[in-house]
Amino acid sequence: MPSSRRIPTRHRVTALLGAALVLLTASACSGPAPVGTPAPSSSAGHGAVAGAAEVAEPPLMLLSVDERGEVGLVDLLDGAASAVGRIGTPRALASDGRYAFVTTDAGVEIVDSGAWTWDHVDHFHYYRAAPAILGAVRGEGAAVVATGPLATAGSTGIFFEGSGEAVLLDNEALSKGRIEERFRLRTNAARGIAAPWGEGAVIAVDGVLRYHDESGTPSGDEAVCADPAGSITTRAGLAIGCAGGAVLVTGEASAPAFERIVLPDDGSRPAGYDGRKGRPTVAGVTGADGFVLLDTRERVWSRVATGRPLVRAVAIDDEAGHVVALDGEGRIRVYADGAEIAATAPLVVGDPGAAALWVDAQRAYLGSPVEGVVREIDYADGARIARTIETPTRPVFFAEVGR
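### Quick word on the overall build of the protein
- When helices and strands are counted, the protein shows two helices and 34 strands.
- Evaluated residue by residue, the protein yields a buried proportion of 52% over its 403 residues.
- Considering only contacts in the protein between residues 6 or more positions apart, those separated by 24 or more positions represent 51%.
- Counting every atom, the protein has about 15800 Å² of accessible surface; 52% of that belongs to carbon and sulfur.

### Regarding the packing of aromatic side chains
- Summed over the entire model, instances satisfying the criterion amount to five aromatic pairs.
- In this structure, Arg 98 packs its charged tip against the face of Trp 116, placed 3.6 Å from the ring centre.

### Considering the sheet that holds strand S8 (residues 115–119)
- Taken in spatial order, the three strands of this open sheet run S1-S9-S8, and their pairing is antiparallel. Pairing within the sheet leaves two strands with one partner each, and these edge strands are strand S1 (53–55) and S8. Taking each pair of neighbouring strands and ignoring which way they run, the sheet shows an average axis angle of 35°.
- Examined bridge by bridge, S8 and strand S9 (residues 124–128) share five bridges and lie antiparallel to one another. By the bridge assignment, Asp 119 is partnered in S9 with Phe 124.

### Some words on the pattern of salt bridges
- According to the stated counting rule, one finds 27 salt bridges in the structure shown.
- Linking Glu 259 and Arg 299 is a salt bridge whose minimum nitrogen-to-oxygen distance equals 3.2 Å. Residue Glu 259 is located in strand S22 (residues 255–262), and its partner Arg 299 is located in the loop between strand S24 (291–295) and strand S25 (300–304); the two are separated by 40 residues in the primary sequence.
- Here Glu 259 falls in the partly exposed class, since its relative accessible area comes to 32%.
- A cluster of three or more residues bridged by salt bridges with shared partners is formed by Arg 363, Glu 376, Asp 378, Asp 381, Arg 384 and Arg 387.

### A closer look at the nonpolar core
- Membership of the largest hydrophobic core comes to 23 residues, with the highest contact counts inside it found for Leu 62, Leu 63, Val 65, Leu 93 and Tyr 365.
- For this core, the secondary-structure elements that each account for two or more residues are strand S2 (61–65), strand S3 (70–75), strand S6 (99–104) and strand S34 (397–401).
- With residues near it in sequence (within four places) discarded, Leu 63 still touches Val 71, Gly 72, Leu 73, Ala 100, Val 111, Ser 113, Phe 397, Phe 398, Ala 399 and Val 401.
- By size, the runner-up hydrophobic cluster in this structure holds 19 residues, among which are Val 108, Trp 116, Tyr 127 and Leu 150.

### Observations concerning the side chain of Thr 296
- Assignment of secondary structure puts Thr 296 in the loop between S24 and S25.
- At 2.8 Å, the side chain of Thr 296 and the side chain of Thr 234 are in polar contact.
- Among the polar contacts listed, one links the side chain of Thr 296 to the backbone oxygen of Pro 280, at a separation of 2.6 Å.

### Here we look at the environment of Glu 371
- Position of Glu 371 among the secondary structure elements: in the loop between strand S31 (364–368) and strand S32 (373–378).
- Between the C-alpha atoms of Glu 371 and Glu 390, which are 19 residues apart in sequence, the distance is 9.4 Å.
- Excluding residues within four positions of it along the chain, Glu 371 makes contact with Leu 347, Val 349 and Arg 394.

### A short note on the environment of Pro 352
- Within the secondary structure, Pro 352 sits in the loop between strand S29 (339–343) and strand S30 (357–359).
- Measuring from C-alpha to C-alpha, the distance between Pro 352 and Leu 310 comes to 9.4 Å, with 42 residues separating the pair along the chain.
- Setting aside anything within four residues of it in sequence, one finds Pro 352 in contact with Val 311, Leu 326, Asp 327, Gly 328, Glu 329 and Gly 330.

### Quick look at the sheet that holds strand S27 (residues 323–327)
- Ordered in space as S26-S27-S28-S29, the four strands form an open sheet in which the pairing is antiparallel. The sheet terminates laterally at strand S26 (310–315) and S29, the two strands that pair on one side only. Here the strands of the sheet are splayed against their neighbours by 25° on average, with no regard to which way each runs.
- Of the strand pairs in this sheet, strand S28 (residues 332–336) and S29 are connected by four bridges, and their pairing is antiparallel. Counterpart to Tyr 335 in the pairing with S29 is Glu 340.

### A look at the state of the cysteines
- Across all of its chains, the model carries one disulfide by this definition.
- Residue Cys 225 pairs covalently with Cys 242 via a disulfide, S to S 2.0 Å. Note on the Cys 225 and Cys 242 pair: the S-S dihedral is about -100°, so by sign convention the disulfide is left-handed. Highlighted residues: Cys 225 in the loop between strand S18 (218–224) and strand S19 (231–233) and Cys 242 in strand S20 (residues 238–242), separated in sequence by 17 residues.
- Owing to a relative accessible area of 0%, Cys 242 belongs among the buried residues under this scheme.

### Thoughts on unusual backbone geometry
- Positioned with a positive phi, Asn 188 is a non-glycine residue whose angle comes to about 65°.
- Following the sequence through the fold, Asn 188 ends up in the loop between strand S14 (181–186) and strand S15 (193–197).
- A positive phi angle, close to 60°, is found at Ala 383, a residue other than glycine.
- Position of Ala 383 relative to the elements: it lies in the loop between S32 and strand S33 (384–389).

### Details of the pairing of S33
- Pairing geometry for S32 and S33, over five bridges, is antiparallel. If you follow Glu 376 over to S33, its bridge partner there is Arg 387.
- Where S32 folds back on S33, the antiparallel hairpin that results is connected by five residues, among which Gly 382 adopts a positive phi of roughly 65°.

Parameters at a glance
Residues numbered from 1 in each chain as written. Predicted model: local features only at pLDDT ≥ 70, side-chain atom pairs only at ≥ 80, totals over all residues. Heavy atoms only, no water. Helix = DSSP H or I, 4+ residues; strand = E, 2+ residues; numbered from the N terminus. Buried < 20%, exposed > 50% of the residue type's maximum accessible area, 1.4 Å probe, protein only. Contact = heavy atoms within 4.5 Å. Areas by Shrake-Rupley, 256 points an atom, 1.4 Å probe, with all protein chains shown as cover. Phe/Tyr/Trp six-rings, centres within 6.5 Å; stacked < 30°, edge-to-face > 60°. Lys NZ or Arg CZ within 6 Å of the ring centre and 35° of its normal. Pairing = 2+ DSSP bridges. Axes fitted to C-alpha atoms, helices over the stretch in contact; angles between N-to-C directions. Salt bridge = Lys/Arg side-chain N within 4 Å of Asp/Glu carboxyl O. Core = buried A, V, L, I, M, F, W, Y, C linked by side-chain atoms within 4.5 Å. Polar contact = N/O pair within 3.5 Å; in protein donor to acceptor, adjacent residues only side chain to side chain. Disulfide = S-S within 2.5 Å.

Encoded structure:
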């Protein structure tokens with residue numbers, strides 16, 4: 001396999017804008033943590049890690065994993081492609097925008113892309129470092145991974161459905177190349193969620209949400225959450241899907257408050273949530289009848305009937321309710337204020353349910369595993385196909401990183 005390949009590049013930010021970003025990040029380093037989430041400790045800095053270089057623009061890349069576990073990266077700015085290494089045979093992949101958490105027979109193997117963004121709300125810091133395969137978190141069965149807002153502070157949660165174990169990883173240690181478990185709890189539950197909150201996690205098992213501190217000790221209030229499914233950290237707090245709606249977690253790191261947001265009708269609920277990183281509004285597919293939007297800032301649900309089944313839906317912004325969705329025929333569909341404004345021809349060969357969809361502020365990336373390619377889509381320009389990308393490993397699974 002070649003170690004480098006050139007592809008058409010994504011439009012670069014101008015040199016003038018890059019210079020302005022450098023000046024901004026050098027002078028505006030006292031911004032708050034993302035709204036609604038506990039502030040990281042001062043030792044977290046601004047996302048900087050020894051050996052990493054701060055850069056002037058988001059270091060966006062695609063991280064791909066093929067059916068044998070070969071991992072590769074392709075730079076979306078300059079087109080450079082490279083091999084990273086090999087892990088076990090992949091079964092699922094989750095990402096926080098820096099790491100790929102890949103479920104294999106070993107448990108969850110972690111790949112560090114070496115590219116990340118530190119969100120300071122009013123400005124951002126961007127970093128690049130050498131990519132690496134960090135190792136595995138041991139566990140049995142399917143793994144439900146829940147990530148936080150920052151790659152170098154806070155935590156990442158994993159719930160192993162085979163063993164009923166809830167595991168909390170230290171993100172600062174991950175950023176330094178070490179896998180360190182803050183705690184590992186055996187819950188004896190077949191399903192659950194361990195969602196990071198502050199230095200600890202909110203664990204959803206047996207119909208109850210309960211906060212556990214970084215040692216795993218339960219503390220504070222609890223909330224009812226029957227049939228937990230899906231969690232996501234937003235600008236306004238941590239949302240966890242429950243029967244009949246969702247529970248929003250806000251407040252102090254060690255004393256979270258739980259607020260129920262009830263679905264306003266008897267329609268179907270989403271099995272999960274997705275949205276552009278750092279935004280308050282998220283989307284969830286509801287099967288044959290369309291999708292729902294959850295505005296975690298306003299605590300409001302809205303339902304959009306599409307007239308066709310969808311397999312993915314990602315909220316892009318808040319005011320116009322823009323959503324990029326993948327339907328059951330492999331078409332990308334773009335919605336605004338509940339109306340479809342653009343659609344593509346079928347773009348996925350084989351089962352669209354097996355295709356990953358990642359979205360940033362300008363583009364969407366859709367994988368077609370059978371073809372072994374990823375398509376970059378300009379969703380703001382009539383869902384135009386901007387380019388087709390051949391990654392260095394055929395992407396059975398992939399993620400956009402550097403976000």
